[in-house]
Amino acid sequence: MAGRLCDARPMRKYVIMGVQGSGKGTQAAMLAVGLDLVNIGVGDILRWNVQNHTKLGAQVRRTMAAGELVGDDLVEGIVRDRLTQHDWNYGFIIDGFPRNERQAEFFLESYDIDGVIYLDLPDSEVRRRVMARRLCAGCGMDYNLINNSPREAGRCDACGGELVTREDDTEEALAVRLREYHGKTDPVLDIFRRKEYVVTIDARPPKEQVQQAVRARLGLPAYHPPQQVAQQAAG
Ligand code: AMP
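Residues numbered from 1 in each chain as written. Predicted model: local features only at pLDDT ≥ 70, side-chain atom pairs only at ≥ 80, totals over all residues. Heavy atoms only, no water.

A separate point is the sheet that holds strand β8 (residues 198–202). An order of β2-β3-β1-β4-β8 is seen for the five strands of this open sheet, with the pairing classed as parallel. Of all strands in the sheet, those with a lone pairing partner are β2 (38–41) and β8, marking the two edges. Pairwise comparison of adjacent strand axes, ignoring direction, gives a mean angle of 20 degrees for this sheet. Relative to β8, strand β4 (residues 115–120) is paired through five bridges, and the arrangement is parallel. In the sheet register, I117 faces β8, and the bridge partner there is V199. Against the sheet, helix α2 (residues 24–35) touches β1 (12–18), β2, β3 (91–95) and β4, its axis set at about 165 degrees to β1. Its contacts with the sheet place helix α8 (residues 171–194) against β1, β4 and β8, and it is angled at close to 145 degrees to β1. (Pairing = 2+ DSSP bridges. Helix = DSSP H or I, 4+ residues; strand = E, 2+ residues; numbered from the N terminus. Axes fitted to C-alpha atoms, helices over the stretch in contact; angles between N-to-C directions. Contact = heavy atoms within 4.5 Å.)

What follows is the structure in structure tokens.
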């Protein structure tokens, strides 16, 4: 407790945006671990509900599988509930929200944010990445068969669970999601840009390089890969 009181680390609140497959989840997790941020993935929360057959999961399953956005009231409720838990002592990073102008207004009315990270990726690259994406049915870990394959084909390195394709990672659903994204989410970026919150990062390089760029642009401490951190601690 005393340690916490002496800890002068600032609180940081970020939004991460980018088209499907741009690496939002990966980059959010890398930033969250390093800075002790609570990582809130709205799509992850929805998928957890679908996988666990909750009432909410039943409500959103078809919409998600088709690549469409689920209702604003429902999503805003999820974000509000998650953020009222107040377990985010050092801040949060939120991925997958806001996705349209109404959600952006709701968010800006309720929370002040320190920055919006926009991961920029051309649609052609999105298609290539999304079709190679796999998800562990057990623990939800993400894989990409282009540059992040599991050690054993079809099995999760962390929990041994089966790797599956996301129900919305199909050509049809991807086309809908790209249309939704450019039609509804691009305007959100314009709102944030007017408030000068946005840092635009090229999402094509390897994930470590993208993470370094994110941190440099936000004036944050440099990224150290887990191995390097372990070596520093030992030495
Ligand atoms: P994601 O994991 O961010 O790609 O989200 C997967 C799916 O969850 C989306 O295609 C939507 O169906 C739904 N979803 C996630 N975030 C939102 C949001 N902010 N508003 C509406 N639907 C969302």
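Neighbouring residues of the ligand: 15 residues in total, closest R47, E68, V70, G96 and Q103. In the environment of the ligand, an oxygen atom lies 2.5 Å from a nitrogen or oxygen atom belonging to the backbone of E68. Q103 places a side-chain nitrogen or oxygen 2.9 Å from a nitrogen atom of the ligand. Here the ligand, which alone exposes 480 Å², has 97% of that area covered by the protein. (Near = heavy atom within 4 Å. Polar contact = N/O pair within 3.5 Å; in protein donor to acceptor, adjacent residues only side chain to side chain. Areas by Shrake-Rupley, 256 points an atom, 1.4 Å probe, with all protein chains shown as cover.)

Before going further, it helps to examine the nonpolar core. Formed by 54 residues in total, the largest nonpolar core has its most connected members in L31, I93, I94, F107 and I117. The greatest single-element share of this core, amounting to seven residues, is contributed by α8. In contact with I117, other than residues within four places in its own chain, are Y14, V15, I16, M17, L31, I93, V199, I201, V214 and L218. (Core = buried A, V, L, I, M, F, W, Y, C linked by side-chain atoms within 4.5 Å. Buried < 20%, exposed > 50% of the residue type's maximum accessible area, 1.4 Å probe, protein only.)

Caution is warranted with low-pLDDT regions, since their predicted coordinates should not be read in detail. Residues of the protein chain with pLDDT of at least 70 account for 94%, and the chain-wide mean is 90. For the protein chain, helix α1 (residues 2–6) is the element with the lowest average pLDDT, namely 50, and β8 is the one with the highest, namely 97. (pLDDT = per-residue confidence, 0-100.)

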